[in-house]
Amino acid sequence: MAINYSEKIPNNVNLTDDRTLQRALEHWQPKFLQWWQTMGPSDFAGADIYLRTAIGVDAAGWASYGQVRMPDYRWGIFLADGDPARTIGFGDHMGEPAWQQVPGELRSPLRRLIVTQGDTEPASVEQQRLLGHSCPSLYDLRNLFQINVEEGRHLWAMVYLLHAYFGRDGREEAEELLERHSGDADKPRILGTFNEPVTDWLSFFMFTYFTDRDGKYQLKSLAESAFDPLARTMRFMLTEEAHHMFVGETGLSRVIKRALEVMAELGTDDAMAVRNAGAIDLPTFQRYLNFWFSSSLDLFGSEVSSNAASSFATGLKGRPDEAQYDDHRCLDVAFELAQPDPGRGIRTESIPLRNAMNEVLRTSYVRDCELGLKRWNRQLERAGTGQRLALPSPRFHRTIGVWAGVPCDPGGAIIDESEYRRREGEWLPTAADRAFVKSLMQRVVAPGKMAGWIGAPERGINNLPIEYEYVRL
Ligand SMILES: [Fe+2]
Ligand SMILES: [Fe+2]
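Counting from 1, residues in each chain are numbered in the order their sequence is written. Going through the entries in the order they are written, you letter the chains from A and number the ligands from 1. Two thresholds apply to this predicted model, a pLDDT of at least 70 for residue-level local features and 80 or more for giving and counting side-chain atom pairs, whereas whole-chain, interface and lining totals are computed over all residues.

Enquirer: Tell me about the pairing of strand β1 (residues 48-54), and name the residues and values.
Expert: The exposure scheme places C-beta atoms from the backbone and then counts, for each residue, the other C-beta atoms within 10 Å of its own, assigning buried at 20 or more, exposed at 12 or fewer, and partly exposed in between. Helical segments are the DSSP runs of H or I of at least four residues, strand segments are the runs of E of at least two, and each set is numbered from the N terminus. Of all the 7 residues making up β1, 5 are buried; the element is thus mostly covered by neighbouring parts of the structure. In this scheme, strands are said to pair when DSSP sees at least two bridges between them. With 7 bridges joining them, β1 and strand β2 (residues 63-69) adopt antiparallel strand pairing. When the sheet's bridge partners are listed, Tyr 50 is paired in β2 with Gln 67.

Enquirer: Provide a residue-level description of unusual backbone geometry, including the pertinent values.
Expert: Positive phi outside glycine occurs at Asp 43, with the angle close to 65 degrees. Mapped onto the elements of the fold, Asp 43 is located in the loop between α1 (19-39) and β1. A positive phi angle is found at Asn 463, which is not glycine, with a value near 65 degrees. The exposure class assigned to Asn 463 is exposed, which follows from the 8 C-beta atoms found within 10 Å.

Enquirer: Explain the nonpolar core to me, and be specific about the residues and the numbers.
Expert: The tendency in soluble globular proteins is for nonpolar side chains to be buried as a group. Val 159, Met 206, Val 255 and Ala 259 are the most contacted members of the largest nonpolar core, which has 104 residues in total. Examining the composition of this core, we find that 15 residues originate from one element, helix α3 (residues 138-165), more than from any other. What counts as a contact is two residues whose backbone-derived C-beta atoms lie within 7 Å of each other. Aside from chain neighbours lying at most four places away, what touches Ala 259 is Val 274, Ala 279, Ile 280, Asp 281 and Leu 282. To count as a nonpolar core, a set of buried Ala, Val, Leu, Ile, Met, Phe, Trp, Tyr and Cys residues must be joined through C-beta atoms within 7 Å.

Enquirer: Give me the packing of helix α5 (residues 201-222) against helix α10 (residues 357-382): which residues, what numbers.
Expert: Axis definition: a line fitted to C-alpha atoms, limited for helices to the stretch in contact. Angles are taken between N-to-C directions and run from 0 to 180 degrees. Viewed as axis vectors pointing N to C, α5 and α10 meet at an angle of 135 degrees, and their least axial separation amounts to 10 Å. Comparing the axis directions of α5 and α10 gives the class oblique. Helix-helix and strand crossings are classified by hand; for α5 and α10 the assignment is right-handed. On the side of α5, the interface is formed by Tyr 209, Phe 210, Arg 213, Asp 214, Tyr 217 and Ser 221, while α10 contributes Leu 361, Ser 364, Tyr 365, Asp 368, Cys 369 and Gly 372. Here the contact of α5 with α10 is built from residues that sort into 6 nonpolar, 3 polar and 3 charged. Here the angle decides the label: under 35 degrees means roughly parallel, over 145 means roughly antiparallel, 65 to 115 means roughly perpendicular, and every other value means oblique. By convention the crossing between two helices is left-handed if the near helix lies anticlockwise of the far one by an angle smaller than a right angle, and right-handed if it lies clockwise. Ten residues, namely Ala, Val, Leu, Ile, Met, Phe, Trp, Tyr, Cys and Pro, are considered nonpolar, four, namely Asp, Glu, Lys and Arg, are considered charged, and the remaining ones, Gly among them, are considered polar.

Enquirer: Can you break down the environment of Val 149 residue by residue, with the values?
Expert: Among the secondary structure elements, Val 149 is positioned in helix α3. C-alpha of Val 149 to C-alpha of Val 125: the two residues are 24 residues apart in sequence and 8.2 Å apart in space. Among residues more than four places away in sequence, those in contact with Val 149 are Leu 51, Met 70 and Tyr 73.

Enquirer: Tell me about helix α4 (residues 167-179), and please be specific about residues and values.
Expert: How far a helix is expected to stretch is found by multiplying one less than its residue total by 1.5 Å. In this model, α4 (13 residues) spans 19 Å end to end at C-alpha, consistent with the 18 Å of a helix rising 1.5 Å per residue. Among all positions of α4, only Gly 170, Glu 173, Ala 174 and Leu 177 are buried. Buried residues along α4 cover an arc of 105 degrees about the axis, so they all sit on one side. For α4, exposure combined with an orientation more than 90 degrees from the buried face picks out Arg 168, Glu 172, Glu 175 and Glu 179. Note that the arc is computed from the directions linking the helix axis to the C-beta atoms.

Below you can see the structure in the form of structure tokens.
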């Protein structure tokens, strides 16, 4: 279905057919714009930015590029095309027709899932709001804003579901999505990682690599939902999300590229020498990686979860790429879960697979994260350095689940609390690391120029040259 841009709220859900819903969303729209003005990117409202906007939801040509001012971006409601014959692909209702309405008894858990996902979208915009001031290039500045407007659109996607299917409760939740703020002492965002400040670009690239990838796995599992409007919403959001992870992966690879250039110029791998030359040394890179990876792992929730089991049983939330599994019911199947033993050993316990769904998701997420590590390590190998990057063990630095607060080294061995304290600075960013990274964050806005700590991208956006003026300030 084509997107109608002549309406106040662009959409492909025939909003004009439902006046009450349309009015309710038009009532929410100025509040969203107000939120964008106060909590969205600081400054840059008058800049022309080379942004892509969705014009259709089919894979062939949904993106149209052009110079847009962010406040004029057309945030709208876009669902992937539906399949009227779609059936539920997992859980107790496997094989039954997908739902077009919310079953009464599932209203509250489904609303909670949507609100929790929805809350992350504006949260990330808030976390990133000051980054524009220290952009390493116009190319990067444009990518940041592209991500920001799309996260804003993801909020619209979730607010549409709340308004359209959850009545007054849904409208109230939609208001609260604009009232909680990242890092706010009184009304923080729901999930921990989304309250972490993202005030430097190394953190931004780590966030878009690791935390947006958590988003990808959440969206993929909700794309399996028996509630068809949610599944269709997710399928379209995933096409946008892919760009966010591209920014993370290529951004991090460019940081490594620059470090390698400096190491080659200086003829040394020494971290301090790399730093003194104004690039980010690999040990610092690794500490940032350890932080963002472990923080993002927490987003999947506890290893053992009766909520996860019932979301799977009832059909609300499946596994990413559910079709790749043979067994979609997962009844009477055990999952072997390794967990810390009070005697400081590790014991394995059999738990029902349905209760381990968070862990199943987390495991596929970790595998996906490893792909980037493989590529970066090939980059290091080609450059002839002996240094390598690695994902820490999922037991390391956890605050949620069975490993929460258990002192582990990045290899996953349980160690003494005192040793952990002593060595923490080897494994996680220190205040000095943060101050150093911050010191590099000087704004570069000459077209085609890059800050000294990051390499140039391989190509520009939409086949344009890297020198293109992606943001007209
Ligand atoms: Fe998003
Ligand atoms: Fe994202």
